[in-house]
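Now for the letters of each chain:
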Amino acid sequence: MTAPAMTLGVPAEPGRPVTGMCRLWCGGTAVPVWWAGHVRFGAAAAGLWACRPCLEPLARMVRAAADAEERARRLAP
Ligand SMILES: [Zn+2]
């Protein structure tokens with residue numbers, strides 16, 4: 001069974017990929033992509049869909065940042 005075509009602006013069922021364009025680094029145009037949330041830069045905003053190989057380093061960065069914030073919170077007086 002093939003994944004449904006991506007509909008821009010409408011998140012896929014949580015945790016399930018659709019076939020579409022990866023909006024991170026690889027440039028894939030018809031690959032399985034997962035909804036990763038909204039990204040905002042100044043006045044511009046877009047939904048972020050990305051393939052698993054591109055999401056993995058992003059997920060590691062997010063987890064590392066969250067861990068660092070948690071450590072800082074615990075050390076705060
Ligand atoms: Zn990608």
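Structure: above.
Residues numbered from 1 in each chain as written. Predicted model: local features only at pLDDT ≥ 70, side-chain atom pairs only at ≥ 80, totals over all residues.

Observations concerning the overall build of the chain
- Helix and strand counts for the chain stand at one helix and three strands.
- Overall, the chain shows an N-to-C arrangement of helices and strands of β-β-β-α.
- The burial tally for the chain puts 9% of its 77 residues in the buried class.
- Intrachain contacts of the chain at a sequence separation of at least 6 include 33% that bridge at least 24 residues. (Helix = DSSP H or I, 4+ residues; strand = E, 2+ residues; numbered from the N terminus. Buried ≥ 20, exposed ≤ 12 C-beta atoms within 10 Å, placed from the backbone. Contact = placed C-beta atoms within 7 Å.)

Overview of the sheet that holds strand 3 (residues 44-50)
- In space, the three strands of this open sheet follow the order 1-2-3, with antiparallel pairing throughout. The sheet is open, and its two borders are formed by strand 1 (18-20) and strand 3, each paired with just one other strand. Across this sheet, the average inter-strand angle for adjacent strands is 50°, counted without regard to direction.
- Where strand 2 (residues 31-41) meets strand 3, seven bridges bridge the pair, whose relative direction is antiparallel. Bridging from a neighbouring strand, Gly-37 pairs with Leu-48 of strand 3. (Pairing = 2+ DSSP bridges. Axes fitted to C-alpha atoms, helices over the stretch in contact; angles between N-to-C directions.)

What to know about the environment of Ala-59
- Among the structural elements, Ala-59 can be located in helix 1 (residues 52-75).
- Placed 23 residues apart in sequence, Ala-59 and Ala-36 show a C-alpha to C-alpha distance of 9.6 Å.

A few points about the nonpolar core
- In terms of nonpolar packing, the biggest core is built from six residues, these being Cys-22, Val-33, Trp-49, Ala-50, Cys-51 and Cys-54.
- If we skip the residues at most four places from it in the chain, Cys-51 touches Cys-22, Cys-26, Gly-28, Val-31, Pro-32 and Val-33. (Core = buried A, V, L, I, M, F, W, Y, C linked by C-beta atoms within 7 Å.)

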